[in-house]
Amino acid sequence: MGCCCDDDEQLLQPLNPPLIQNSDHIPPPYSTTTTDVHGGEAVISPMNSNFSALICHDTLRAILQKLSLPDLARAACVCRIWNFVASDRELQTKAFKDPWKIKDVVGDPSSGSFWRDNSLSKFAISHRIVRGDSVASLAVKYSVHVMDIKRLNNMMSDHGIYSRDRLLIPVSNPDCLINGTCYIELDIYAKREVAVLYLEGGPNPKLTTMLNRLTSERNRKRVIESLRRSMQVDCETAQYYFAASDGDPRSAFSQFSEDLRWEREAGLT
Amino acid sequence: MITLQSSDKDVFEIEQSILIQSGTIKNMVEDDFTFIPLPSVDTETLIKIIEYMKKHADKTDSKEKNIKEFDKDFMKKTLNELFALVFAANYLHISSLLELLYPSIADRIKDKITEAIRQIFSIRCDFTPEEERRIIMDNKWAHEGTEIEGTLD
């Protein structure tokens, strides 16, 4: 965050005084004034507020950074200045981590709203599936309900466990988060972003790239299929244009249209 | 001895050793000023600041507990007074006082609903109705639950 001075200057314009002069003409900054509890015109605006120190973003940030996440969220609803300061990413991530004493959260969520809620349901333990595991055995091992594991991983049946490399386990005991490092991941089965805790080591880089490749492979196939349908050509042709345009479907289509026009003009079709 | 002058033109003579807790005053003393006007600080606030600095000037071990007690009582002030102190401590660069003030003010925000915060701090809501609706939706989860205190402090 840059210096708050520019904002301050703008905001202080109406008040205008250098406090050195004209001190007789301005109401003393710290006097109390009456407020109308029914929210009428008599309520003081932040500009005339008794608390001119609040106009300084740095001061407000220093105060708000002591707050818990729910308090921070309520503070963000107070007025524009408070909303701006309370929405500061650093402030939010700190308030996110502090109650659980998490050491670090790695990764960037797709939207800032991820940080606004740090209930236990945002977290999960990653369990790499080994031979002999079953949903029931995992429920016992981690002291959670079978239904909760299945719900988190969107499992229709208990047997789907073997088609997966890992399962996300809901966190029942928040102590396991203390001093831990959580990785923000978009889990393809849970279909949402989760802060994942790895009890042994960190995320398996091979696993993550493999999962990423799986999703991007699936996406690629989907795009090529839709290209094929709109170009009304066979698979190979669609794949060719997709590759030639470096994966950009729009330019693939326009390239195809270009070629088609050329063929027509050249009398080939 | 250094002379401080408040915005109300009251003067106070204090030992240099006590006043150097203020970064601003320390700098001016090093530049050989003995008379320091403080146009941003009124008398009432300046008295409190001096009281704070006097108490904290003597930091021997035996006084640690006393100082802690003093700090606790010192924070039992109205919000008006606390903010006046923040403003002055900021200007005077007294970081230990600021570190004391921020959590005390944050305590007044803790567990209060938004409307209560506005009333306590005398802040007018300057959102348009659509903005307000959107912001409350964004933070809806924080407005639910039974631990919220709806009454004013």
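The numbering scheme is per chain: residues are counted from 1 as the chain's sequence reads. Both sets of labels track the order of writing: A upward for chains, 1 upward for ligands. Note on the predicted model: pLDDT of at least 70 is required for a residue's local features to be given, and 80 or more for side-chain atom pairs to be given and counted; whole-chain, interface and lining totals, by contrast, use all residues. To obtain the side-chain values, all non-hydrogen atoms of the structure were used and water was disregarded.

Caption draft 1: A look at the overall build of chain A. Within chain A one finds 10 helices and 5 strands. Residues count as neighbours in contact if any of their non-hydrogen atoms are within 4.5 Å of one another. When contacts within chain A are restricted to residue pairs at least 6 apart in sequence, those whose partners lie at least 24 apart make up 50%. Working note: accessible area of chain A is about 15800 Å², and carbon and sulfur atoms make up 52% of it. Strands are runs of DSSP state E lasting at least 2 residues, helices are runs of H or I lasting at least 4, and numbering of each runs from the N terminus. Only the protein chains shown count as cover for residues, with accessible areas throughout obtained via the Shrake-Rupley method and a probe of 1.4 Å.

Caption draft 2: Representation of the overall build of chain B within the structure. Within chain B one finds 9 helices and 3 strands. Secondary structure elements in chain B, listed N-terminal to C-terminal, are β-β-α-α-β-α-α-α-α-α-α-α. Burial classification: accessible surface area is computed with a 1.4 Å probe over protein chains only, and a residue below 20% of its type maximum counts as buried, one above 50% as exposed, and the rest as partly exposed. Taken across its 153 residues, chain B has 44% of its residues classed as buried. Here chain B has roughly 8200 Å² of accessible surface; of this, 51% comes from carbon and sulfur atoms.

Caption draft 3: Local environment of helix H4 (residues 64-74) of chain B. Residues and elements named next belong to chain B. Along H4, the residues classified as buried are Ile67, Phe70, Asp71 and Phe74. The buried residues of H4 all sit within an arc of 100° when viewed along its axis, so they share a single face. Away from the buried face of H4 by more than 90 degrees, exposed residues Lys65, Lys68 and Lys72 are located. Those residues of H4 that are buried are in contact with helix H3 (43-57), helix H5 (79-92) and helix H6 (95-109). Think of it as the arc spanned by the lines of direction from the helix axis to the C-beta atoms.

Caption draft 4: The pattern of salt bridges, seen in detail. Residues and elements named next belong to chain A. Think of a salt bridge as a Lys or Arg side-chain nitrogen and an Asp or Glu carboxyl oxygen that are within 4 Å of each other. Counting across every chain of the model gives 18 salt bridges over all chains. In this structure, glutamate 185 engages arginine 166 in a salt bridge whose closest nitrogen and oxygen atoms are separated by 2.8 Å. On the criterion of sequence distance, the pair formed by glutamate 185 in strand E4 (residues 181-187) and arginine 166 in strand E3 (residues 166-170) is long-range, its members being 19 residues apart. Classification of glutamate 185 as buried rests on a relative accessible area of 13%. As a salt-bridge pair, arginine 166 and aspartate 187 come within 2.9 Å of each other at their nearest N and O atoms. Placement of arginine 166 in strand E3 and of aspartate 187 in strand E4 is noted, with a sequence separation of 21 residues between them. Residue classification places arginine 166 among the buried residues on the basis of a relative accessible area of 6%. It is possible to trace a salt-bridge network through shared partners that takes in Arg166, Glu185 and Asp187.

Caption draft 5: Quick look at the side chain of Thr43(B). Residue and element names in this part refer to chain B. Residue placement: threonine 43 occurs in helix H3. Counting of polar contacts relies on pairs of N or O atoms within 3.5 Å, with two restrictions inside protein: one atom must be capable of donating a hydrogen and the other of accepting it, and residues adjacent in sequence are counted only when both atoms are side-chain atoms. In terms of polar contacts, threonine 43 uses its side chain to reach the side chain of aspartate 10, at 2.7 Å. Setting aside anything within four residues of it in sequence, one finds threonine 43 in contact with Ser6, Asp8, Asp10 and Phe12.

Caption draft 6: Structural view of the nonpolar core. Nonpolar core, defined: a set of buried Ala, Val, Leu, Ile, Met, Phe, Trp, Tyr and Cys residues in which side-chain atoms within 4.5 Å join the residues together. In terms of nonpolar packing, the biggest core is built from 81 residues, with Leu64(A), Trp82(A), Phe123(A), Leu4(B), Leu97(B) and Phe121(B) touching the most fellow members. Counting residues per element, this core draws most heavily on H5(B), which supplies 8 residues. Residues within four places of Leu97(B) in sequence aside, it is in contact with Ile49(B), Tyr52(B), Phe74(B), Met75(B) and Ala89(B). Listed in part, the 9 residues of the second largest apolar core include Ile224(A), Ala238(A), Tyr241(A) and Ala252(A).

Caption draft 7: Representation of the packing of aromatic side chains. Centres within 6.5 Å are what make two rings of Phe, Tyr or Trp a pair, Trp counting through its six-membered ring; a difference in plane orientation under 30 degrees is then read as stacked, over 60 as edge-to-face, and the rest as tilted. Enumeration according to the criterion identifies 13 aromatic pairs over all chains in this entry. Judged by centre distance (5.4 Å) and plane angle (85°), the rings of Phe114(A) and Trp115(A) are edge-to-face. On the accessibility criterion, Phe114(A) (4% relative accessible area) is buried. Centre to centre, the rings of Tyr52(B) and Phe74(B) are 5.7 Å apart; their planes meet at 40°, and the pair counts as tilted. Of this pair, Tyr52(B) sits in helix H3 while Phe74(B) sits in helix H4; the two residues are 22 residues apart in sequence, bridging distant segments of the chain. Under the relative-accessibility criterion, Tyr52(B) is labelled buried at 1%. The class of Phe74(B) is buried, set by a relative accessible area of 2%. Members of the aromatic cluster, each reached through a chain of ring pairs, are Phe96(A), Trp100(A), Phe114(A), Trp115(A) and Phe123(A). Only when the NZ atom of a Lys or the CZ atom of an Arg is both within 6 Å of the ring centre and within 35 degrees of the ring normal do we say a charge sits over the ring. The ring of Phe114(A) carries Lys122(A) above its face, with NZ or CZ at 4.8 Å from the centroid. Above the face of the Phe74(B) ring, Lys77(B) is positioned so that its terminal group lies 4.3 Å from the ring centre.

Caption draft 8: Examining the pairing of strand E1 (residues 2-5) of chain B more closely. Residue and element names in this part refer to chain B. Burial along E1 is two-sided: Ile2 and Leu4 and Thr3 and Gln5, pointing in opposite directions, are all buried. Relative to strand E2 (residues 11-14), E1 is paired through 4 bridges, and the arrangement is antiparallel. The residue of E2 that forms the bridge with leucine 4 is phenylalanine 12. The turn linking E1 back onto E2 is made up of 5 residues, and lysine 9 within it adopts a positive phi angle of 70°. Strands pair, by our definition, only if DSSP identifies at least two bridges between them. Judged from the 3 bridges that link them, E1 and strand E3 (residues 35-37) form a sheet pairing that is parallel. Residue glutamine 5 lies in a different strand from E3, and its bridge partner there is proline 37.

Caption draft 9: Geometry of the sheet that holds strand E1 (residues 104-106) of chain A. Residue and element names in this part refer to chain A. What the 5 strands build is an open sheet, ordered E1-E4-E5-E2-E3; its pairing is mixed. Both outer strands of the open sheet, E1 and E3, are each paired with one neighbouring strand and no more. Strand after strand, the sheet turns through a mean of 40° between neighbouring axes, direction not considered. Pairing of E4 with strand E5 (residues 192-198), which is carried by 6 bridges, proceeds in the antiparallel orientation. Bridge assignment links cysteine 182 to a residue of E5, and that residue is leucine 197. Here the axes come from fitting lines to C-alpha atoms, over the contacting stretch only for helices, and the angles between their N-to-C directions go from 0 to 180 degrees. Packing of helix H6 (residues 135-142) onto the sheet brings it into contact with strand E2 (123-128) and E3, and relative to E2 it is tilted by some 125°.

Any functional reading would require information beyond the geometric quantities listed.
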